[in-house]
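Read off the chains here:
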Amino acid sequence: MQLYNLKHPSQVVSFAQALTLGLGKDRGLFFPSTIPMLENIDQLLTMSFIERSKAVIGAWLADELGQDVINNLVDSAFNFEVPMVNVDNKRFSLELYHGPTLAFKDFGARFMAQCINHLSTNKTLTILTATSGDTGAAVADAFYGLKGIQVVVLYPQDKISELQEKMFSTLGNNIHTIAIKSDFDACQELVKQAFEDKQLKKIINLNSANSINISRLLAQICYYFEAVSQFKKRYKNDPVISVPSGNFGNLTAGLFAKAMGLPIKRFIAATNSNDTVPRYLKNQKWQPNATVATMSNAMDVSEPSNWPRVEAILQTQEWPTSVITGFRVSEQQTSQSLKQLENLGYLSEPHAAIAAEALNSNLNLDDKGIFLSTAHPAKFKDVVDKELALNLSLPKELAAVVNKPSLSITLDDDFEQLKKQLIRV
């Protein structure tokens, strides 16, 4: 597999190099030189999730890693179910939160950890990642205890749910967590500054586990195939898929899946009040506003890093402009959607509620669709309890950490402070 830097196309790397580097020159994202087309889609859709995922990822990586290695990586990474639940006569929920940290990020983080572990050298590696909520827990869990790897997670202080924070800030060992006195965009900017510091990269052998790392996106492609597989057992039409969108890695993976030949009618990019992309799709002006805190905090992103990849995919395909619809969901609409879903007998959380509302508002008469449920409702217990007048019980994964003390330190939004801390790790 060959990838090139979107900012500097002359920088061409292998998958192993892209995995290790994370970002290219001048913060450029790595993008595949070719997107593999699958000829046997109908056959693939009849397979089990695991066997199909081996074929899907093999189409990208078997030439470099070998299919036997791919098979082992998938077996180790994807050891949990991916159910799709009928919500009403038009909508299905693809539940992506049945992994160890109760969020869709488990797919990408676990696959990336397995890849790095397979390709590891004798050098100690430092994984630096920023999280708006669920990435931190997924990355921490995936890399926890792996020899030769130190993980540093940045997150915006007081801007993620307490239970999200507890899932990664209580681990210790090789997991180091830092609360930054700012928002997620500032955390993301600090990560990018670290990758631009050649001295720092060399000293700590730096890598990133954000969705800027291509390995995570390849893993996420697999659950789009599972969604369509389950959908096609019920309907002949192609589904509309609504994606709750923050940093836009999730939508990028879906577009890769469609480019590989997966029959998806179109996508809805559902955002909260941080609506840079819906506005851009409407007026073609990229005008990020200051990030606004919402109840769907994992989507509180005004400058999504993966958007250049979205545009690069669109440039390679002959798709109509309607292939992506941007849709902003307000806080009031999010609350209403949560209540409507509960009335239908489906317990959800704010991010999925946004995707559900966006889907409901954008389906044509002959459409049926899928919204992605990206986290367990209990990860947002405070919001869900308040909005629905409930007292959710905690699943065992959250109950195990709720009373543990956080081991995080707090830093200003200052790169020099962060650099000193990273060198100490």
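Look up: the structure comes first, before these words.
Residues numbered from 1 in each chain as written. Predicted model: local features only at pLDDT ≥ 70, side-chain atom pairs only at ≥ 80, totals over all residues. Heavy atoms only, no water.

**Q** Looking at this structure, I do not really get the packing of aromatic side chains. What am I missing?
**A** In this description, a pair of aromatic rings is defined by centroid distance and the angle of the planes. Counted according to the given criterion, the structure contains 20 aromatic pairs. Judged by centre distance (5.9 Å) and plane angle (65 degrees), the rings of F92 and Y235 are edge-to-face. With a gap of 143 residues between them, F92 in strand β5 (residues 91–95) and Y235 in the loop between α10 (214–232) and β10 (240–244) connect regions that are remote in the sequence. For Y235, a relative accessible area of 25% corresponds to the partly exposed category. Summarising the aromatic geometry, the rings of Y346 and F371 are spaced 6.4 Å apart at their centres and angled 80 degrees between planes, so their arrangement reads as edge-to-face. In this pair, Y346 is assigned in the loop between α14 (331–343) and α15 (350–362) and F371 in strand β13 (residues 369–373), connecting sequence segments 25 residues apart. Judged by relative accessible area, which is 7%, Y346 ranks as buried. Taken together through their ring pairs, the aromatic side chains of F49, F78, F80, F107, F111, Y223, Y224 and F267 make up a single cluster. For K258, the ring lying beneath its charged end belongs to W319, and the centroid distance is 5.4 Å. (Phe/Tyr/Trp six-rings, centres within 6.5 Å; stacked < 30°, edge-to-face > 60°. Helix = DSSP H or I, 4+ residues; strand = E, 2+ residues; numbered from the N terminus. Buried < 20%, exposed > 50% of the residue type's maximum accessible area, 1.4 Å probe, protein only. Lys NZ or Arg CZ within 6 Å of the ring centre and 35° of its normal.)

**Q** Looking at this structure, how should I read the pattern of salt bridges?
**A** Pairing between side chains becomes possible if they bear opposite charge and their charged atoms approach one another. Inspection of every chain in the model, using the stated rule, returns 18 salt bridges. For the salt bridge of K232 with D238, the shortest nitrogen-to-oxygen distance reads 2.6 Å. We classify D238 as partly exposed; its relative accessible area is 30%. Note that D275 is salt-bridged to R279, the shortest N-O span being 3.0 Å. Three or more residues are tied together by salt bridges with common partners; here these are R27, E189 and E196. (Salt bridge = Lys/Arg side-chain N within 4 Å of Asp/Glu carboxyl O.)

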